[in-house]
Amino acid sequence: VTWSEMAGLHPDTDWAHWLREVGAASSGDGIGFGTSWEDDLAQLGEVGFDEFVVTLEWAVLEPQPGHYDAEAVERFQTLLQQARARGMQPWACLVDGSLPGWFAVDEHGFVDDRSRKLLWPRHVEWIGETFGHLVNGWVPQREAIHQAVRSHLLGLGPPGLRLPDRTGKAVRAALLADGEAWRVLRGSAPVASYQTARTFVPMTDNVAAARHAADLDDLYRARWVEALEQGIVEFDGLPTVSAPHLRGAFDRVVLQLRPPVSIDAEGNWAPLDRRYLIEAMADSFATAAAHVPDTHLVAAADLAPVEATLDDPDSSAQTEHLLELMEATRERGAHTWWQTSPFDGWSWERGFDGRPGIIDANRKPRNVADVFR
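What comes next concerns the included structure. If you're wondering where the values come from, they're calculated on a predicted model, not measured in any experiment. (Residues numbered from 1 in each chain as written. Predicted model: local features only at pLDDT ≥ 70, side-chain atom pairs only at ≥ 80, totals over all residues. Heavy atoms only, no water.)

**Considering the overall build of the chain**
Argument step 1. Each helix and strand in the chain was counted, giving 13 helices and 12 strands.
Argument step 2. Against the globule reference of 21 Å for 373 residues, the chain gives a C-alpha radius of gyration of 20 Å, in line with a compact fold.
Argument step 3. Looking at the chain residue by residue over its 373 residues, the buried ones come to 56%.
Argument step 4. Summing over all exposed atoms, the chain offers an accessible surface of approximately 16,000 Å²; the carbon and sulfur share of this is 47%.
Argument step 5. Placing the 33 positive and 56 negative side-chain charges of the chain at their respective mean positions leaves the two points 3 Å apart. (Helix = DSSP H or I, 4+ residues; strand = E, 2+ residues; numbered from the N terminus. Rg over C-alpha atoms; globule rule 2.2 N^0.38 Å. Buried < 20%, exposed > 50% of the residue type's maximum accessible area, 1.4 Å probe, protein only. Areas by Shrake-Rupley, 256 points an atom, 1.4 Å probe, with all protein chains shown as cover. Lys, Arg positive; Asp, Glu negative; His and termini not counted. Charge placed at Lys NZ, Arg CZ, Asp CG, Glu CD.)

**Structural notes on the sheet that holds strand β4 (residues 192-197)**
Either a parallel or an antiparallel arrangement is found when strands of a sheet pair, and the pairing is made through backbone hydrogen bonds.
Argument step 1. Spatial ordering of the open sheet is given by β4-β8-β11-β12, a layout of four strands whose pairing is parallel. The open sheet has two edge strands, β4 and β12 (336-339), and neither has a second partner. Each adjacent strand pair in this sheet contributes to an overall mean axis angle of 25°, direction not counted. (Pairing = 2+ DSSP bridges. Axes fitted to C-alpha atoms, helices over the stretch in contact; angles between N-to-C directions.)

**Some thoughts on the pairing of strand β11 (residues 296-301)**
Argument step 1. Here β11 lies mainly inside the structure; five of its six residues are buried.
Argument step 2. As paired strands, strand β8 (residues 252-257) and β11 are joined by five bridges and run parallel to one another. When the bridges of β11 are listed, Val-254 appears paired with Val-298.
Argument step 3. Sheet analysis places β11 next to β12, joined by four bridges and oriented parallel. If you follow Val-298 over to β12, its bridge partner there is Thr-336.

**Some points on the packing of helix α8 (residues 144-152) against helix α9 (residues 164-185)**
Argument step 1. Where α8 contacts α9, the axes come no closer than 9 Å and their chain directions differ by 160°. With respect to each other, α8 and α9 are oriented roughly antiparallel. Crossing geometry of α8 relative to α9 is assigned as right-handed. Contacts between α8 and α9 involve Ala-144, Ile-145, Ala-148, Val-149 and His-152 on the former and, on the latter, Arg-166, Thr-167, Ala-170, Val-171, Ala-174 and Leu-175. (Parallel < 35°, antiparallel > 145°, perpendicular 65-115°, else oblique. Left-handed = near helix turned anticlockwise from the far one by under 90°. Contact = heavy atoms within 4.5 Å.)

**Focus: the side chain of Asp-344**
Argument step 1. Position of Asp-344 among the secondary structure elements: in the loop between β12 and α13 (369-372).
Argument step 2. Judged by relative accessible area, Asp-344 falls into the buried class, the value being 5%.
Argument step 3. One polar contact links the side chain of Asp-344 to the main-chain amide nitrogen of Gly-357, over a distance of 2.8 Å.
Argument step 4. A distance of 2.6 Å separates the side chain of Asp-344 from the side chain of Arg-366, its partner in a polar contact.
Argument step 5. Non-local contacts of Asp-344, meaning those with residues more than four positions away in its chain, are made with Ile-31, Gly-354, Arg-355, Pro-356, Gly-357, Ile-359, Asp-360, Ala-361 and Arg-366. (Polar contact = N/O pair within 3.5 Å; in protein donor to acceptor, adjacent residues only side chain to side chain.)

**Re the nonpolar core**
Argument step 1. Among the nonpolar cores identified, the biggest contains 97 residues, and Phe-52, Trp-120, Phe-131, Trp-138 and Trp-224 are the most heavily contacted of them.
Argument step 2. Element by element, the count of residues in this core is highest for α9, at nine residues.
Argument step 3. By size, the runner-up hydrophobic cluster in this structure holds 10 residues, among which are Cys-93, Val-139, Ala-192 and Trp-338. (Core = buried A, V, L, I, M, F, W, Y, C linked by side-chain atoms within 4.5 Å.)

**Structural notes on the packing of aromatic side chains**
Argument step 1. On inspection of all chains with the given rule, the structure shows 19 aromatic pairs.
Argument step 2. Note on Trp-3 and Phe-33: the rings are 5.9 Å apart at their centroids and 85° apart in plane angle, and the pair reads as edge-to-face. Pair noted here: Trp-3 is in helix α1 (residues 3-7) and Phe-33 is in helix α3 (residues 33-47), with a separation of 30 residues, a long-range link.
Argument step 3. Their ring planes at 45° and their centres at 5.4 Å tell us that Trp-182 and Phe-250 sit as a pair that is tilted. Of the two residues, Trp-182 sits in helix α9 while Phe-250 sits in the loop between β7 (241-242) and β8, which places them 68 residues apart along the sequence. By the burial criterion, Trp-182 is buried, and Phe-250 matches it.
Argument step 4. Through a chain of ring-to-ring contacts, three or more aromatic side chains come together here, namely Trp-58, Trp-102, Phe-103, Phe-110 and Trp-120. (Phe/Tyr/Trp six-rings, centres within 6.5 Å; stacked < 30°, edge-to-face > 60°.)

This is how it looks when you write it as structure tokens:
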């Protein structure tokens, strides 16, 4: 459960500031999860979910540096307790895209060494002390590399840049921040590295497109694999950072399955032919999973990539596609499936028009919910 999608963006996050700058529609209170979560947890339990991952939204808990909101702490603690009482194992995600404005802007975020090495571990340690007795696992950051690429290369998130050099710094910072969180949390409960599995297909016989696709594969996959295999974080043009604690780190690796994209000579992205969608997504999982054979592997996805048609989100074809993808990743080594969006929520690209969940925003289960039951 991404807090911003389900309960709305906190007004003091970097995302909220950026959306106001670009004139995007407000998230409001999302789909009301901030007040309806007890009923929502009950519905998830009825569908059959046995693990529940929720974002402990940093800006909600610490709206100002060093000042924690006691009511927010109690609310999140009660939410985790209720998930456990309903038979689900709660996991806590510390960062899912949005960051407090004071950290991301005033303190320059993870790319700043002081912020990453001092302020971030301080927060992680506080989270562990405050919520550790209530969780069965930790996700320090969800798809941090994907977020860095979107925000610094594609301009689709704060700070809205299109700078390849800055992208490498942001991805390196994301990996090192994961390492700092692992250092603090390991041993308290299983800790998961949450990455993106995606294939980049260059235009046929196009050298420039092939170079762009290779660079993207390097950003999305090769760097974090190298960090876990060798304990180093390196990028062209940047000093290599020794991080021996990252070698063999993490108890789980979660791979978010995203649709493959075609890359042209200018580096532009376009959807790949949907006829190859399931096979390509499963192959993306297998390629990444091959480098972490001794780790508990989780395949994660929502319904958006496997929709048969936006006009019929309850179609039997959609259910069949999801089953095919789940089975394909299991055959390729997945131990667990995480449904990324149990409910339809808000996103800045689509507002409330996206339909990634197995339960719609009005809490009506789709036909595909029977798969999970």
